Amino acid sequence: MKTNIDRWQELLNNITAKVEAQADKYTDKFPDIVEADGNCLLANASNWTTGFWPGMLLIAYKKTGNPKILDRLRNFEAIQNTMFSNLKELHHDVGFMWFLSSAEDYNYTGFEVARDNAMNAALILMSRFNPKGNFIRAWNNDEGSNVDKSGWAIIDCMLNIELLYWASKITGDPRFKHVANAHADSTLENFIRSDGTVKHVVCYNPETGDAVGNLEGQGYSTESSWTRGMGWAAYGFAKAYGYTGNAKYLEASQKVIDAFLRLLPDGEIPPCDFFQPDEPCYYDSSAGAIVACAMLENARRCPEKKEYYILEAQKLLNTLTDKCADLSPDTHGILRLATQAYHKARKNVTLVYGDYYYYEAVDKLVKILKEEEV
Ligand code: GLY
């Protein structure tokens with residue numbers, strides 16, 4: 001009879017086999033979205049999602065040692081790096097883009113070129129910091145639009161700042177982590193509501209630093225709670241705790257996870273927003289995968305709640321596996337039923353970041369169950 005670990009290990013092996021089988025399908029563009037009919041939309045180097053497929057290749061490479069996978073990873077890193085000569089197209093998502101590819105490549109293989117490119121991205125991220133409001137500016141202004149985004153920060157950036165913690169760690173220069181901490185502190189103050197729900201976009205006055213309002217962003221409304229945003233908060237603060245040991249970050253992560261679990265009925269795929277109307281029904285499996293990672297990070301960081309978070313993460317991953325996972329090596333993408341944004345873009349599709357965090361969560365779970373270093 002299969003043990004619990006055997007079951008999760010088998011799932012992990014199946015995901016790895018699918019990534020290996022898919023590796024030759026993508027050469028000069030990045031897999032991004034799989035539509036309901038199975039068609040895969042590819043992204044150019046400028047897309048914020050370009051780190052996720054390389055991130056999946058790296059996890060697969062760690063499992064298999066297959067040199068073809070490393071070759072694919074390096075190929076995509078080289079494509080990403082073409083963006084360094086197109087700075088006006090880069091934004092705070094340089095964290096997502098270069099951490100999971102180049103920084104993690106360097107961490108694992110010691111490849112110096114990857115280190116330098118991840119450092120370039122960290123310098124770009126540093127340059128977006130506004131010391132008045134202690135926030136990292138999210139996006140650039142759109143050409144031809146009079147909407148000024150110079151004071152906009154978004155919850156997603158809690159994952160981007162990992163690149164800054166990494167940069168301080170490898171250079172020994174604390175400036176990067178000071179900026180990461182300053183951004184995390186103002187995010188804690190201005191994004192996380194007392195009930196643990198989360199705002200997506202907070203607008204600061206870029207001259208005075210005052211928080212002057214918030215926007216619905218990819219969620220349903222300014223008063224609602226976009227579930228993927230809760231994932232970014234829960235996982236980002238858990239990671240910030242891992243880098244700093246600052247207990248308030250761990251508490252913030254747990255507060256958001258508590259709210260997520262309180263609002264999500266057992267056995268259901270997360271909705272795109274917890275306060276969206278019943279119809280139309282937009283799911284976001286990617287939010288579930290990110291929160292599963294956040295719970296497993298908490299299990300690792302918080303021994304007294306380890307069993308609880310492992311159990312809850314397994315429940316969520318079971319739901320995602322039963323209701324969303326496509327493990328056929330012949331099809332594009334893995335985690336069905338994810339939504340880009342409530343009011344626009346694609347709904348109930350497969351998103352490469354859902355796939356990435358699902359893979360990372362299952363990998364993390366197997367390591368924790370085996371008591372390995374995560
Ligand atoms: N960071 C953009 C998103 O979560 O859709």
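Before reading further, recall that the structure is shown in the block above.
What counts, and where the lines are drawn
Residues numbered from 1 in each chain as written. Predicted model: local features only at pLDDT ≥ 70, side-chain atom pairs only at ≥ 80, totals over all residues. Heavy atoms only, no water. Core = buried A, V, L, I, M, F, W, Y, C linked by side-chain atoms within 4.5 Å. Buried < 20%, exposed > 50% of the residue type's maximum accessible area, 1.4 Å probe, protein only. Helix = DSSP H or I, 4+ residues; strand = E, 2+ residues; numbered from the N terminus. Contact = heavy atoms within 4.5 Å. Salt bridge = Lys/Arg side-chain N within 4 Å of Asp/Glu carboxyl O. Expected span 1.5 Å × (residues − 1). Axes fitted to C-alpha atoms, helices over the stretch in contact; angles between N-to-C directions. Parallel < 35°, antiparallel > 145°, perpendicular 65-115°, else oblique. Left-handed = near helix turned anticlockwise from the far one by under 90°. Nonpolar A, V, L, I, M, F, W, Y, C, P; charged D, E, K, R; others polar. Near = heavy atom within 4 Å. Polar contact = N/O pair within 3.5 Å; in protein donor to acceptor, adjacent residues only side chain to side chain. Pairing = 2+ DSSP bridges.

For the rest of this paragraph, the subject is the nonpolar core. Among the nonpolar cores identified, the biggest contains 125 residues, and I155, I161, L163, L164, W166, Y357 and Y358 are the most heavily contacted of them. With 11 residues, helix α13 (residues 352–369) is the single largest residue contributor to this core. Beyond its immediate sequence surroundings of up to four residues, L164 is in contact with A122, L125, M126, I136, F176, K177, V179 and A180. Residues A138, W152, V201 and C203 belong to the second largest nonpolar core, which totals five residues.

What follows concerns the pattern of salt bridges. Following the criterion strictly, the structure yields 20 salt bridges and no others. Put simply, D105 and R74 hold a salt bridge, and the shortest N to O gap is 2.7 Å. Linking D105 in helix α4 (residues 94–109) with R74 in helix α3 (residues 67–81), this pair joins segments that are 31 residues apart in sequence. Overall, D105 belongs to the buried group, its relative accessible area being 0%. For R74, a relative accessible area of 23% gives the class partly exposed. Of the charged contacts in the structure, one is a salt bridge between E371 and K306, with a shortest N-O distance of 3.0 Å. Taken together, the residues span a long stretch of sequence, with E371 in the segment after α13 and K306 in helix α12 (residues 306–324) at a distance of 65 residues. Residues participating in the shared-partner salt-bridge network are E297, R300, R301 and K364.

Now for unusual backbone geometry. Going from E279 to P280, the amide bond is cis rather than trans, its omega being -10 degrees. Looking at the element boundaries, P280 is found in the loop between α10 (247–263) and α11 (285–301). The phi angle at L337 is positive, at roughly 65 degrees, despite the residue not being glycine. Among the secondary structure elements, L337 is positioned in the loop between α12 and β8 (350–351). By relative accessible area, which is 24% here, L337 ends up partly exposed. The residue N348 is not glycine, and still its phi comes out positive at about 50 degrees. Its place among the elements puts N348 in the loop between α12 and β8.

Attention now goes to α12. Taking 1.5 Å per residue as the helical rise, α12 with its 19 residues ought to reach 27 Å, and the 26 Å between its terminal C-alpha atoms agrees with that figure. Where the residues of α12 are buried, they touch α1 (4–22), α10, α11 and α13.

To continue, consider the packing of helix α9 (residues 227–244) against α10. Relative orientation of the contacting elements α9 and α10 amounts to 155 degrees, with a least axis distance of 8 Å. Classified by the angle their axes make, α9 and α10 are roughly antiparallel. The two elements α9 and α10 meet at a crossing, and its hand is left-handed. Touching T227, M230, A233, A234, F237, A238, A240, Y241 and T244 of α9 are A247, Y249, L250, A252, S253, V256, I257, A259 and F260, all from α10. Its residues placed into classes, the contact of α9 with α10 shows 15 nonpolar, three polar and no charged.

Here the focus is the site of the ligand. Around the ligand, the neighbouring residues are W48, D156, Q218, W226, R228, W232 and Y353. Here an oxygen atom of the ligand sits 2.7 Å away from a polar atom, N or O, in the side chain of Q218. Interatomic distance of 2.6 Å between a side-chain N/O atom of R228 and an oxygen atom of the ligand. Tallied by class, the residues present in the shell around the ligand amount to four nonpolar, one polar and two charged.

Residue position: E104 is located in helix α4. In this structure, the C-alpha to C-alpha distance between E104 and A118, residues 14 residues apart in sequence, is 9.0 Å. With near-sequence residues (within four places) excluded, E104 lies in contact with L58 and F99.

Before going further, it helps to spend a moment on the sheet that holds strand β7 (residues 211–215). One open sheet holds the three strands; their spatial order is β5-β6-β7, and the pairing between them is antiparallel. Unpaired on one side and paired on the other, β5 (152–154) and β7 mark the two borders of the sheet. Adjacent strand axes in the sheet meet at a mean angle of 30 degrees, parallel and antiparallel pairs treated alike. Of the pairings in the sheet, the one linking strand β6 (residues 201–204) to β7 comprises four bridges and is antiparallel in character. Residue pairing for β7: V202 is matched across the bridge by N214. Contacting β5, β6 and β7, helix α8 (residues 175–191) runs over the sheet at an angle of about 105 degrees to β6.

One open sheet holds the three strands; their spatial order is β2-β1-β8, and the pairing between them is antiparallel. Pairing within the sheet leaves two strands with one partner each, and these edge strands are β2 (40–43) and β8. Sheet topology places strand β1 (residues 30–34) next to β8; two bridges connect them, and they run antiparallel. By the bridge assignment for β8, V34 is matched with T350.

Keep in mind that these numbers describe shape and distance, not what the molecule does.
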